[in-house]
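# Topology and contacts: notes
Residue-level listing of the chains:
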Amino acid sequence: MWIVPWWALLSSGCAPVVLVGAWMIAEQLHGPGYEPVTQTISLLGADGAGGQWVLNGALIALGVCHLVTAWGLRAASLAGRLALGAGGLAAIVVALSPEPTSGGSLRHGFVVGVGFTLLAVWPVLAATRAKGPPWALRPAASITATALMGLGAASFLIELQGHGAAGVAERVLTTAQSLWPFVVVASCLRHARSS
């Protein structure tokens, strides 16, 4: 019951590497004038940005990674898998609706908000009360992960509204959200081996 295919480990492990690697490369391609502490990742993927193709390509790859992981993570509850997959779809839509070069985009902001929400709640939705689940699918771990991601999202919004360190807050949040599926899959694989 707790068995997860090896390819789910690959897809979940690629997600944070692709995301972090892409924003680091996109920052270099963007050149001077971009401030990663205060500016969002979305600016790197905006229309006309130097690294637009890198970041938006990586967001599509990230979305595919989440979809593949959700498909293979049979140990998680269906609601959690659906939320993770929908979060992956949101990442793809974000890539296909970049911010304009000046001003904001209601569509982009809405899809980002939906994606952040889905990826924050999927851990608690994936939890199971079945006997002896892997530790990352237990209610306590899942609630903790969702609570921390919720706090990260609140921190990002506060920094964004206050013109503070929004770039740092967003990077911490997105890294955590892209890393948690890997933690869950690794937990399932470890649990299956020890059983």
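Residues numbered from 1 in each chain as written. Predicted model: local features only at pLDDT ≥ 70, side-chain atom pairs only at ≥ 80, totals over all residues. Heavy atoms only, no water.

To continue, consider the packing of helix α3 (residues 78-96) against helix α4 (residues 106-126). Axis separation between α3 and α4 bottoms out at 8 Å; the angle between their running directions is 160°. What the angle tells us is that α3 and α4 run roughly antiparallel. For the pair α3 and α4, the sense of crossing is left-handed. Mapping the contact onto sequence places A79, G80, A83, L84, A86, G87, A90, V93 and V94 in α3 and R107, H108, V111, V112, G115, L118, L119, W122, L125 and A126 in α4. (Axes fitted to C-alpha atoms, helices over the stretch in contact; angles between N-to-C directions. Helix = DSSP H or I, 4+ residues; strand = E, 2+ residues; numbered from the N terminus. Parallel < 35°, antiparallel > 145°, perpendicular 65-115°, else oblique. Left-handed = near helix turned anticlockwise from the far one by under 90°. Contact = heavy atoms within 4.5 Å.)

What follows deals with a nonpolar patch on the surface. On the surface, I25, L29 and W53 cluster together to form a nonpolar patch covering roughly 350 Å² of accessible area. Here W53 shows up in helix α2 (residues 52-72). (Patch = residues over 30% accessible without salt bridge, like charges linked within 9 Å, V, L, I, M, F, W, Y side chains within 5 Å. Areas by Shrake-Rupley, 256 points an atom, 1.4 Å probe, with all protein chains shown as cover. Salt bridge = Lys/Arg side-chain N within 4 Å of Asp/Glu carboxyl O.)

Applying the stated criterion across every chain yields a total of 3 aromatic pairs. Aromatic side chains W7 and W71 sit 5.1 Å apart centroid to centroid with 40° between the ring planes, which places their arrangement in the tilted category. Taken together, the residues span a long stretch of sequence, with W7 in helix α1 (residues 6-30) and W71 in helix α2 at a distance of 64 residues. A relative accessible area of 23% means that W7 is categorised as partly exposed. (Phe/Tyr/Trp six-rings, centres within 6.5 Å; stacked < 30°, edge-to-face > 60°. Buried < 20%, exposed > 50% of the residue type's maximum accessible area, 1.4 Å probe, protein only.)

Next up on the list: the nonpolar core. Counting residues in hydrophobic clusters, the biggest one holds 46 residues, and the most contacted among them are V4, L55, L73, W122 and V184. By residue number, the principal contributor to this core is helix α6 (residues 166-194), which donates 8 residues. Excluding anything up to four places from it in sequence, L55 contacts A22, W23, A26, I41, L44 and G45. (Core = buried A, V, L, I, M, F, W, Y, C linked by side-chain atoms within 4.5 Å.)

As a further point, take the pattern of salt bridges. Summed over all chains, the structure comprises 1 salt bridge. As a salt-bridge pair, E27 and R171 come within 3.1 Å of each other at their nearest N and O atoms. With a gap of 144 residues between them, E27 in helix α1 and R171 in helix α6 connect regions that are remote in the sequence. Take E27 and R171: they sit in the same class, and that class is buried.

Functional significance is not addressed by these values, which are geometric in nature.
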